[in-house]
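# Structural description and commentary
Residues per chain, in single letters:
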Amino acid sequence: MLEIAVSALIVIGAAFTFIGSLGLARLGDFYTRLHGPTKATTLGVGALLIASVIYFSTRGEGPSLHEVLVTVFLFITAPVSAHLLAKAALHLRVRSIAPPPLAVEGADAGQLRADVPRTNSAGRTESS
């Protein structure tokens, strides 16, 4: 039963890591590429480390805490580094392929300005 759990965690970890790496290589711009290594790859490496903890804790002379420390370090540093990279890209005005948000007027964010063109889901401009 333990081998099945470790095997499942390894397969899940490998799948998440592959999807994160594929996203890093295939996504369109800097901001969308930032999601690959910070989201999916972090989960993948976390699952692999949990599998390692389970395996070596049952095979060794007690609980294996080295992997737990690596996991904690990974889950703390990955979001912080992604946040800093995104802030640096915003500061350097790195262009994004995403459309800019609609401008809002005044304190009521629910009302859109009349002079700002609105687009539908197909990307066409709608008339008011």
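As the structure is a prediction and not an experimental result, all values here were calculated from the model. (Residues numbered from 1 in each chain as written. Predicted model: local features only at pLDDT ≥ 70, side-chain atom pairs only at ≥ 80, totals over all residues. Heavy atoms only, no water.)

### Overview of unusual backbone geometry
- The phi dihedral of Arg 93 is positive, around 60°, even though this residue is not glycine.
- Looking at where Arg 93 falls in the secondary structure, it is placed in the loop between helix H4 (66-91) and strand E1 (118-119). (Helix = DSSP H or I, 4+ residues; strand = E, 2+ residues; numbered from the N terminus.)

### A few points about the pattern of salt bridges
- Tallied over the entire structure, the rule returns one salt bridge.
- Put simply, Arg 59 and Glu 3 hold a salt bridge, and the shortest N to O gap is 3.4 Å. One end of the pair, Arg 59, is in helix H3 (residues 35-59); the other, Glu 3, is in helix H1 (residues 2-26), with 56 residues separating them in the sequence. (Salt bridge = Lys/Arg side-chain N within 4 Å of Asp/Glu carboxyl O.)

### A closer look at the confidence of the model for the chain
- Averaged over all residues, the pLDDT of the chain equals 80, while 80% of them reach at least 70.
- Between the elements of the chain, mean pLDDT differs from a low of 58, seen in E1, to a high of 91, seen in H1. (pLDDT = per-residue confidence, 0-100.)

### Here's the deal with the packing of aromatic side chains
- This structure, assessed with the given rule, holds two aromatic pairs.
- Geometrically, the ring pair formed by Tyr 55 and Phe 56 is edge-to-face, given 5.0 Å between the ring centres and 85° between the ring planes.
- For Tyr 55, a relative accessible area of 36% puts it in the partly exposed group.
- A relative accessible area of 44% means that Phe 56 is categorised as partly exposed. (Phe/Tyr/Trp six-rings, centres within 6.5 Å; stacked < 30°, edge-to-face > 60°. Buried < 20%, exposed > 50% of the residue type's maximum accessible area, 1.4 Å probe, protein only.)

### A word on empty space enclosed by the protein
- Taken as a whole, this structure holds one cavity of 30 Å³ or more when the rule is applied.
- In terms of lining residues, the largest cavity is bounded by Leu 2, Glu 3, Val 6, Tyr 55, Thr 58 and Arg 59.
- Those elements that place two or more of their residues in the lining of the largest cavity are H1 and H3.
- A per-class count over the lining of the largest cavity returns three nonpolar, one polar and two charged. (1 Å grid on protein atoms, 1.4 Å probe; cavity = no way out; pocket = protein on both sides within 12 Å on 5 of 7 lines; lining within 4 Å. Points joined across faces, edges and corners; volume = space filled by probe spheres on them. Nonpolar A, V, L, I, M, F, W, Y, C, P; charged D, E, K, R; others polar.)

### Structural notes on H4
- Here H4 contains 26 residues, and its C-alpha end-to-end distance of 37 Å stays within 8% of the 38 Å for a straight helix at 1.5 Å per residue.
- Turning to H4, its buried residues are Glu 67, Thr 71, Leu 74, Ala 78, Ala 82 and Ala 89.
- Those residues of H4 that are buried lie in contact with helix H2 (30-33) and H3. (Expected span 1.5 Å × (residues − 1). Contact = heavy atoms within 4.5 Å.)

### Here's the deal with the packing of H3 against H4
- Running from amino to carboxyl end, H3 crosses H4 at an angle of 175°, the nearest separation of the two axes being 9 Å. Regarding the angle of H3 to H4, the classification is roughly antiparallel. Of H4, the residues touching H3 (which contributes Thr 38, Thr 42, Val 45, Gly 46, Leu 49, Ser 52, Val 53 and Phe 56) are Glu 67, Val 68, Val 70, Thr 71, Leu 74, Phe 75, Ala 78 and Ala 82.
- A class-by-class count of the residues in the contact of H3 with H4 yields ten nonpolar, five polar and one charged. (Axes fitted to C-alpha atoms, helices over the stretch in contact; angles between N-to-C directions. Parallel < 35°, antiparallel > 145°, perpendicular 65-115°, else oblique.)

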